[in-house]
Amino acid sequence: MIMIGRLNHVAIAVPDLEAASAQYRSALGAKVGAPQDEPDHGVTVVFIELPNTKIELLYPLGENSPIQGFLDKNPSGGIHHVCYEVEDIIAARDHLKSTGARVLGTGEPKIGAHGKPVLFLHPKDFNGCLVELEQV
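Along each chain, residues carry numbers from 1 onward, in the same order as the chain's sequence is written. Per-residue local features are limited, in this predicted model, to residues with pLDDT of at least 70; the limit for side-chain atom pairs, both in listing and counting, is 80 or more; totals at the level of whole chains, interfaces and linings are taken over all residues. In computing side-chain properties, one takes all heavy atoms of the structure into account and sets aside hydrogens as well as water.

If you check an unreviewed UniProt entry, the protein appears there as methylmalonyl-CoA epimerase from Ruegeria pomeroyi. UniProt positions are given in the numbering used here, feature names are shortened, and annotations may be inferred rather than shown by experiment. Per its UniProt entry, the protein bears the Sequence similarities (unreviewed entry) comment "Belongs to the methylmalonyl-CoA epimerase family." The annotation that UniProt attaches to the protein under Catalytic activity (unreviewed entry) is "(R)-methylmalonyl-CoA = (S)-methylmalonyl-CoA".

What follows is the structure, given as structure tokens:
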């Protein structure tokens, strides 16, 4: 069963969203989008368009942001997760759970920053990497 699709984005937690956006825009010449608040996920995101994928800059939004905990442990920021595309997120979830993978949260998809259903998989089940799945 082939389930995983293309790499949708690599997410990087940043302590200063404006400075990180400016760095990608000026130093790397990247196409940088506008900040977008995602209150259901406790983050403000900025997407950077690349020819073959995207970079997602993450900044804490609200007091209970999971990104704040990450930044507390990694004050300079760092790679937070990778996101892979799947055609059917429910079938992917059910298959992954049957293999012993843990789905974070309630196990039900939430709507992500692209307006599509997403799930997160426990990093201990994927070699220390937090994995996001996004239905396309």
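There is more to say after this.
This next bit is on the UniProt feature "domain: VOC" (unreviewed entry) in the protein. Here the UniProt feature "domain: VOC" (unreviewed entry) sits at residues 6-136. Helical segments are the DSSP runs of H or I of at least four residues, strand segments are the runs of E of at least two, and each set is numbered from the N terminus. Across residues 6-136, the secondary structure splits into 21% helix and 36% strand, with the terminal C-alpha atoms separated by 10 Å.

Let's shift gears to helix 3 (residues 89-98). Think of it in three bands: residues with accessible area under 20% of the maximum for their type are buried, residues over 50% are exposed, and the middle band is partly exposed, with areas taken using a 1.4 Å probe on protein chains only. Listed as buried for helix 3 are Ile89, Ala92, Arg93 and Leu96. Take helix 3 and look down its axis: the buried residues cluster within an arc of 100°, on one side only. The secondary structure elements touched by the buried residues of helix 3 are strand 6 (78-86), strand 8 (117-121) and strand 9 (131-135). Residues adjacent in sequence count toward polar contacts only when both atoms are side-chain atoms; beyond that, a polar contact is any pair of N or O atoms within 3.5 Å, and within protein one must be able to donate a hydrogen and the other to accept it. Residue aspartate 88 occupies the N-cap position of helix 3, its side-chain oxygen lying 3.1 Å from the main-chain nitrogen of isoleucine 90. Positive phi appears at glycine 100, one or two residues downstream of helix 3, with a value of about 100°. By definition, the arc is the one covered by directions from the helix axis to the C-beta atoms. In what follows, a contact means two residues having at least one pair of non-hydrogen atoms within 4.5 Å.

In the sections that follow, a salt bridge refers to a side-chain nitrogen of Lys or Arg positioned within 4 Å of a carboxyl oxygen of Asp or Glu. Scanning all chains against the criterion turns up 4 salt bridges. Among the salt bridges present, the one from glutamate 85 reaches arginine 6, with a minimum N-O distance of 2.9 Å. Separated by 79 residues along the polypeptide, glutamate 85 in strand 6 and arginine 6 in the segment before strand 1 (7-13) bring together distant segments of the chain. A relative accessible area of 41% means that arginine 6 is categorised as partly exposed.

Quick look at the nonpolar core now. Soluble, globular proteins show a tendency: their nonpolar side chains are buried together. Of all hydrophobic cores here, the largest spans 23 residues; its most connected members are Tyr24, Ile48, Ile55, Leu57 and Leu133. Elements that contribute at least two residues to this core include exactly strand 1, helix 1 (17-26), strand 4 (43-49), strand 5 (54-60), strand 6, helix 3, strand 8 and strand 9. Discounting residues that sit within four places of it in the chain, leucine 133 has contacts with Tyr84, Val86, Ile89, Ala92, Leu96, Pro117, Val118, Leu119 and Leu121. Among buried residues, the Ala, Val, Leu, Ile, Met, Phe, Trp, Tyr and Cys ones that are joined through side-chain atoms within 4.5 Å form a nonpolar core. Formed by 9 residues, the second largest nonpolar core is a distinct cluster that contains Ala11, Ala13, Leu58 and Leu71.

This brings us to the pairing of strand 4. Successive side chains on a regular strand alternate, one facing one side of the sheet and the next facing the other. The buried fraction of strand 4 is high, at 6 of 7 residues. We call two strands paired when DSSP finds no fewer than two bridges between them. The pairing of strand 3 (residues 36-38) with strand 4 spans 3 bridges and is antiparallel. Bridge assignment links glutamine 36 to a residue of strand 4, and that residue is valine 45. Counted along the chain from strand 3 to the antiparallel partner strand 4, the turn is 4 residues long, and its residue glycine 42 has a positive phi close to 70°.

Below, the discussion takes up the pairing of strand 8. Of the strand pairs in this sheet, strand 7 (residues 110-111) and strand 8 are connected by 2 bridges, and their pairing is antiparallel. Residue pairing across strands places lysine 110 opposite valine 118, the latter belonging to strand 8. The turn joining strand 7 and strand 8, which pair antiparallel and follow one another in sequence, is formed by 5 residues; a positive phi near 80° is taken by glycine 115. With 4 bridges joining them, strand 8 and strand 9 adopt antiparallel strand pairing. Looking at strand 9, one finds that leucine 121 is bridged to valine 131.

Along the chain, the position of histidine 122 falls in the loop between strand 8 and strand 9. Other than its neighbours up to four places away in sequence, histidine 122 contacts Arg102, Leu104 and Cys129.

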